[in-house]
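Topology and contacts: notes
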Amino acid sequence: MSLLFKGRAQGAKLSQISIVQRIQMFFLSHLRQSLGSLGEMWRAGAASLMTIGVLGLSITLPSTLYILVKNVEQVSAGWDQASEISLFLKAETSKQHIDQLLTRINAWPEVGKVTYIPADDALDEFKALSGFGDAIAYLDKNPLPPVVLVSPTEQHSGPTAARMLLEKLQKEREVDIGKLDVEWLKRLDAMLTVAKELVTIIALLLFLAVVLIIGNTIRLNILSKKDEILVMKLVGATDAFIQRPFMYTGFWYGLLGGLLAWFTVICLLWWMSASVTAVSELYQKQFNLTGVDFSTLLIMLSTSVLLGLTGSIISVKRHVSAIEPK
């Protein structure tokens with residue numbers, strides 16, 4: 001019984017080593033084929049560089065436009081006065097009624113901030129900004145009414161929500177006139193929507209072009225090795241084994257093209273930063289282009305690798321299986 005038990009234990013041990021060896025051979029085979037495909041790309045030289053350049057530049061354009069749109073959204077979100085409502089109160093409104101109005105408005109869930117500007121403060125500001133200080137000094141009374149500035153919350157700062165809040169505020173008995181530049185908000189929102197859709201369309205078209213270019217490049221590689229593939233199939237190689245190096249070629253094209261696109265985007269944003277700084281200084285704002293971080297790098301690399309693999313898979317599935325010994 002002990003010999004039988006030992007024999008079974010040794011057989012199980014050999015079987016376990018065999019499984020481990022198979023796993024090791026599987027990974028070694030993939031590593032050898034991936035490095036072999038990279039070596040062939042290196043030997044191809046100029047042709048590989050042109051393919052990587054086309055892929056990288058094709059990803060650069062939509063990536064740069066996407067980052068610019070995100071920066072514009074960031075700037076517009078930081079403009080607190082973009083949906084600020086100005087309420088001009090009735091001249092005969094007493095201080096007590098104004099305080100009651102401010103208390104009521106502050107309690108509304110749509111309102112984020114309320115600022116009260118007395119009529120005298122409004123007149124002083126007008127004197128300082130208009131340049132008619134001497135002429136205004138001859139007025140018998142202050143012609144400006146008290147003003148209340150209402151800033152909606154972030155959830156109610158859109159054009160439609162801001163318009164609804166304006167209509168609600170105008171129903172207050174102390175309010176004479178309410179003003180909101182809704183049309184400007186609508187134009188800004190519409191331009192951002194068009195920009196997003198334009199970036200999406202450009203990206204889809206360029207990504208399709210990348211898939212076609214990678215697929216055609218892999219197809220030419222397959223046809224150039226047609227005799228080698230025939231010999232491999234004659235000695236029993238499977239289609240999966242033959243297809244693997246070509247798929248790794250698509251992977252390397254995608255990875256290197258993504259790195260090139262990321263580097264190019266950094267250079268473009270750096271080149272544009274001086275112009276953006278000059279424009280922001282005209283509006284007395286400090287703004288720097290952002291967006292080329294580690295997460296952006298991962299997205300760009302994932303997208304480019306996916307495009308490279310897609311083009312190679314489409315090509316190898318169609319052309320490798322079509323090559324059969326006669």
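Here we summarise the structure given alongside this text. (Residues numbered from 1 in each chain as written. Predicted model: local features only at pLDDT ≥ 70, side-chain atom pairs only at ≥ 80, totals over all residues. Heavy atoms only, no water.)

So, the overall build of the protein
From N to C terminus, the protein includes 10 helices and four strands. Shown N-terminal to C-terminal, the secondary structure of the protein runs as helices and strands in the order α-α-β-α-β-α-α-β-α-β-α-α-α-α. Within the protein, the fraction of its 326 residues that count as buried is 34%. By element, 65% of the accessible surface of the protein is carried by carbon and sulfur atoms, the whole surface being about 20900 Å². (Helix = DSSP H or I, 4+ residues; strand = E, 2+ residues; numbered from the N terminus. Buried < 20%, exposed > 50% of the residue type's maximum accessible area, 1.4 Å probe, protein only. Areas by Shrake-Rupley, 256 points an atom, 1.4 Å probe, with all protein chains shown as cover.)

Observations concerning the packing of aromatic side chains
The final tally for this structure, using the stated rule, is one aromatic pair. Across from the ring centre of Trp 108, 4.3 Å away, lies the NZ or CZ of Lys 168, which sits over that ring. (Phe/Tyr/Trp six-rings, centres within 6.5 Å; stacked < 30°, edge-to-face > 60°. Lys NZ or Arg CZ within 6 Å of the ring centre and 35° of its normal.)

Quick notes on the environment of Leu 212
Along the chain, the position of Leu 212 falls in helix α7 (residues 182–224). Sequence separation between Leu 212 and Ile 314 is 102 residues; the distance between their C-alpha atoms is 9.3 Å.

Looking at the nonpolar core
In this structure, Ile 59, Ile 222 and Phe 246 are the most contacted members of the largest nonpolar core, which totals 25 residues. Where this core is concerned, the elements lending two or more residues are α2 (46–78), α7, α9 (239–282) and α10 (294–319). Those residues in contact with Ile 59 that lie beyond four places of it in its chain are Phe 207, Ala 261, Met 300, Ser 304 and Leu 307. Residues Leu 89, Ala 162, Leu 165 and Leu 180 belong to the second largest nonpolar core, which totals 18 residues. (Core = buried A, V, L, I, M, F, W, Y, C linked by side-chain atoms within 4.5 Å. Contact = heavy atoms within 4.5 Å.)

Examining the environment of Trp 108
Mapping Trp 108 onto the fold places it in the loop between α3 (95–106) and β2 (111–117). Residues Trp 108 and Leu 165, spaced 57 residues apart in sequence, show a C-alpha to C-alpha distance of 9.9 Å. In this view, Trp 108 contacts Leu 165, Lys 168, Leu 169 and Glu 172; residues no more than four positions away in its chain are not counted.

Points about a nonpolar patch on the surface
A contiguous nonpolar surface patch, about 390 Å² in accessible area, is contributed by Met 25, Leu 28, Leu 31 and Leu 35. The residue Leu 31 is located in helix α1 (residues 2–44) in this model. (Patch = residues over 30% accessible without salt bridge, like charges linked within 9 Å, V, L, I, M, F, W, Y side chains within 5 Å. Salt bridge = Lys/Arg side-chain N within 4 Å of Asp/Glu carboxyl O.)

As for the sheet that holds strand β4 (residues 175–179)
If you trace the four strands from one edge of the open sheet to the other, you get β2-β3-β1-β4, paired in antiparallel fashion. Bordering the open sheet on either side are β2 and β4, each of which pairs with just one other strand. Neighbour-to-neighbour, the strand axes of this sheet turn through a mean angle of 20 degrees, independent of strand direction. The pairing of strand β1 (residues 85–89) with strand β3 (residues 147–152) spans four bridges and is classified as antiparallel. (Pairing = 2+ DSSP bridges. Axes fitted to C-alpha atoms, helices over the stretch in contact; angles between N-to-C directions.)

Some words on the pattern of salt bridges
Scanning all chains against the criterion turns up five salt bridges. Arg 104 serves as the salt-bridge partner of Glu 172, at 2.8 Å between the closest nitrogen and oxygen. Note that Glu 172 is positioned in the loop between α6 (159–170) and β4 and Arg 104 in helix α3, a separation of 68 residues in sequence. Across the pair Glu 110 and Lys 168 runs a salt bridge, and its minimum N-O distance is 3.1 Å. Note that Glu 110 is positioned in the loop between α3 and β2 and Lys 168 in helix α6, a separation of 58 residues in sequence. With relative accessibility at 16%, the residue Glu 110 sits in the buried group. Members of the salt-bridge network, linked through shared partners, are Arg 104, Glu 172, Arg 173 and Glu 174.

By themselves these figures say nothing about function.
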